[in-house]
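A closer look at the structure
Letter by letter, the chains look like this.
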Amino acid sequence: MKTELTVNERSLTLCRFPKRSNETLQAWDAGDEYLINHVESMGLDKGQHILIINDSFGALSCYFSPYHQVTMMSDSFISQQGAKANLKQNQSKSIEFLTTMDELPSKVDLVLLQLPKSNRHLTWILTQLRQGLNANVPIIAVNKAKEIHTSTLKLFEQYLGATTTSLAWKKHRLVFSCANQTAPKQAEIYSEWAVDKQNYSLKNRANVYSGDSLDLGARFILEHLPQDPTLSDFIDLGCGNGVLSIKMGQLNPQAHITCVDESFMAVQSAKENLIAALGDKRKIACVANNCLDGFQAETSSMVICNPPFHQQQAITDHIAWQMFCDAKHVLKQGGKLLVIGNRHLGYDVKLVRLFGKTQVKKVAQNKKFVILQATK
Ligand SMILES: C[S@@+](CC[C@H](N)C(=O)[O-])C[C@H]1O[C@@H](n2cnc3c(N)ncnc32)[C@H](O)[C@@H]1O
C-alpha cells in the first residue's frame, strides 16, 4: 500500500486510521492532490487561516500546516484521530480541531471542503458557511467529477452563493464558490419522524446514518430486543440516532445505557433522542469513539450492534470485525453480543471464530437479515 504522497517536491507519509498491517486503501486521493496544486497556484501569503472541512485522514492538514494556520472541522472522530496520527508522523505543526457541533472559527481566509456523501450534510455545511463567512472568502470544494451533478451545483448557488467549476483532473473536479447569496435557503438542523410501530420519534442531525427514515435492519431488530430485569447495563455500538437504545431502555428501565458512535452528530442526536424518550433521570453516556477503543475489559453485560459496512467511500467489513473483537473484550463472562446484519455478510462465521461454535445462536431471520447472539 502506497503511504508516501509526493507533491511539489514535498513528501508526506500518510496512513488511514486505525492503521492496519494488511491495509489496501490509501489515506488520500487525487482530489487532495488537485486541491493542493490549485491552492499552490493561488500564491497565498504565508500564515493564512485555512479552514479544512472533511479532511479524510489529514492529508490536507499535514500539507498546509507548516506554512499556514489550519483548522480542521469534521463530523468524524476517526478522521480526527487519523489526522492527529499523520500530523505526528510528519512532525507537522499543530492545528485546531473542531467538530460539527462547534461554531465556525472567526477570521478565515480560505475554506477547503471535501464534499460529503449526502446532500443533507452538504446543505447543512453550506448553511454554516453562508452564515459564518464574509463574501470575499474563497471556498473550494472537491469530489470525483461523477459525484458533482448539476443538482449539487444548484445547492451551492441556493445555500451559499455564486459557483463555478474547474476542468476535471484525474477524474476529480473543483467547485469554486463564496458566501454571497443574498436570499440563501437554510438547511434544517433536524429531520424528525416517528418510528414505525414504536411510541417514540427521532430527531436526526444532518450527518446521522439513515437520518431520513428507519434503517431496515434496525426495524427488524427492534422486534427482537430482549427484556431482562437483571440486565444492569448495555452498550449500543454504532448507535446512530439511538433508535435501538431507546427501545432497549424502555424494555429494561433499570439498565445503564452507553451509546458509542464515530460521528459527532450521531452521538449528539442519540443523546437528545434518549433524553426526550427516556427522561433526564436515566443513567446515559453518549461517547464519540472508534469502536470500543479504551473501554475497560470485562465491564459490560450486553453489547447491541448494527455494524457499518463502509468507511467513508470504501466498502469494508473491518469495522464490523473490530466491533465484534472489542465487544468480546469489553463483555463480562456470560455477557452477550447481539448483532443484526444482512444475511450475505457472513457475520455468523466471524462470531463463531471469536466466541466458539456453541456460543453463537441465531435469534431470528427474515429474507434479508439475520440476528445473531454470541455469549462470552
Ligand atoms: C448501520 S449504522 C447503525 C445505526 C443505528 N444503530 C441503527 O441501527 O440505525 C452503523 C453506525 O456505526 C457508526 N460507525 C461507523 N464506524 C464506526 C466506528 N469505527 N466506531 C464507532 N461507530 C462507528 C456509523 O456512524 C453509524 O452510525
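I will try to describe carefully the structure that is included in this document. Being a predicted model, the structure only gives us computed values, none of them experimental.

**Description of the site of the ligand**
Around the ligand, the structure places 19 residues, and the nearest of them are G238, D261, N290, C291 and N306. A distance of 2.8 Å separates a nitrogen atom of the ligand from a polar backbone atom of G238. Between the ligand and E262 there is a distance of 3.2 Å, counted from a nitrogen atom to a backbone nitrogen or oxygen. Within the complex, 94% of the 600 Å² of free accessible area of the ligand lies under protein. Taken together, the elements giving at least two residues each to the shell around the ligand come down to α7 (243-251) and α9 (318-330).

**Thoughts on the pattern of salt bridges**
A full pass over the atoms with the stated rule returns six salt bridges. The closest approach of N and O atoms between R20 and E23, which form a salt bridge, is 3.2 Å. The partly exposed category is assigned to R20, whose relative accessible area is 27%. Residue D280 pairs with K281 through a salt bridge whose shortest N-O separation is 3.3 Å. The exposure classification of D280 matches that of K281, with both residues exposed.

**Section: the nonpolar core**
If you look at the biggest cluster of nonpolar residues, it comprises 31 residues, and the most contacted ones within it are V195, L222, L225, F234, V243 and I304. Looking at this core, the elements with two or more residues in it are α6 (216-222), α7, β13 (256-261), α8 (264-278), β15 (300-305), β18 (331-342) and β20 (369-375). No other element matches α7, which puts five residues into this core. The residues contacting L222, other than those within four sequence positions of it, are V195, Q198, Y200, L214, V243, L244 and K247. In this structure, F17, A27, C62 and M72 belong to the second largest nonpolar core, which totals 30 residues.

**Regarding unusual backbone geometry**
Trans is the common state for peptide bonds, and a negative phi is the common state for residues other than glycine. Following F17, the chain continues to P18 via a peptide bond in cis, the omega torsion being -10°. Looking at the secondary structure, you find P18 in the loop between β2 (10-13) and α1 (30-41). Although it is not a glycine, N8 sits at a positive phi angle of roughly 50°. Residue position: N8 is located in the loop between β1 (4-7) and β2. Even without being glycine, E298 reaches a positive phi, approximately 55°. Residue class for E298 comes out partly exposed when judged on its relative accessible area of 40%.

**A short note on the sheet that holds strand β8 (residues 163-165)**
If you walk across this open sheet you meet the seven strands as β5-β4-β3-β6-β7-β9-β8, and the pairing is mixed. Every other strand in the sheet has two partners, leaving β5 (96-99) and β8 as the edge strands with one partner each. For this sheet, the mean inter-axis angle between neighbouring strands, taken without regard to orientation, is 20°. Alignment of strand β6 (residues 110-114) against strand β7 (residues 139-144), held across four bridges, turns out to be parallel. Note that in β7 the partner of V111 across the bridge is I139. Running at roughly 50° to strand β9 (residues 172-177), α1 makes contact with β6, β7 and β9 of the sheet. The strands that helix α3 (residues 77-89) touches are β4 (69-74) and β5; relative to β5, the one it contacts most, it runs at about 170°.

**Quick look at the packing of aromatic side chains**
Applying the stated criterion across every chain yields a total of four aromatic pairs. Pairing F324 with Y347 gives two aromatic rings, centres 5.2 Å apart and planes at 90°, and the pair type is edge-to-face. You can see F324 sitting in helix α9 and its partner Y347 sitting in helix α10 (residues 347-355), a full 23 residues away along the chain. Over the face of the ring belonging to Y63 we find R10, whose NZ or CZ atom lies 4.2 Å from the ring centre. Against the face of Y190 rests K203, its NZ or CZ located 4.4 Å from the ring centre.

**So, α8**
Over its 15 residues, α8 extends 21 Å from the first C-alpha to the last, a length consistent with the 21 Å expected when each residue adds 1.5 Å. Every buried residue belonging to α8 is among F264, M265, A266, V267, S269, A270, N273, L274 and L278, and all of these are buried.

**Examining the pairing of strand β3 (residues 49-53)**
Within β3, five of the five residues are buried, which leaves the element mostly enclosed by the surrounding structure. Neither face of β3 is open: one carries H49, L51 and I53, the other I50 and I52, and all of them are buried. Taken together, β3, helix α2 (residues 59-64) and β4 constitute a β-α-β crossover, and its handedness is right-handed. Pairing of β3 with β6, which is carried by four bridges, proceeds in the parallel orientation. Within β6, the residue paired with L51 across the bridge is V111.

Cut-offs and rules
- Residues numbered from 1 in each chain as written.
- Predicted model: local features only at pLDDT ≥ 70, side-chain atom pairs only at ≥ 80, totals over all residues.
- Heavy atoms only, no water.
- Near = heavy atom within 4 Å.
- Polar contact = N/O pair within 3.5 Å; in protein donor to acceptor, adjacent residues only side chain to side chain.
- Areas by Shrake-Rupley, 256 points an atom, 1.4 Å probe, with all protein chains shown as cover.
- Helix = DSSP H or I, 4+ residues; strand = E, 2+ residues; numbered from the N terminus.
- Salt bridge = Lys/Arg side-chain N within 4 Å of Asp/Glu carboxyl O.
- Buried < 20%, exposed > 50% of the residue type's maximum accessible area, 1.4 Å probe, protein only.
- Core = buried A, V, L, I, M, F, W, Y, C linked by side-chain atoms within 4.5 Å.
- Contact = heavy atoms within 4.5 Å.
- Pairing = 2+ DSSP bridges.
- Axes fitted to C-alpha atoms, helices over the stretch in contact; angles between N-to-C directions.
- Phe/Tyr/Trp six-rings, centres within 6.5 Å; stacked < 30°, edge-to-face > 60°.
- Lys NZ or Arg CZ within 6 Å of the ring centre and 35° of its normal.
- Expected span 1.5 Å × (residues − 1).
- Right-handed = clockwise from strand over helix to strand, strands pointing away.

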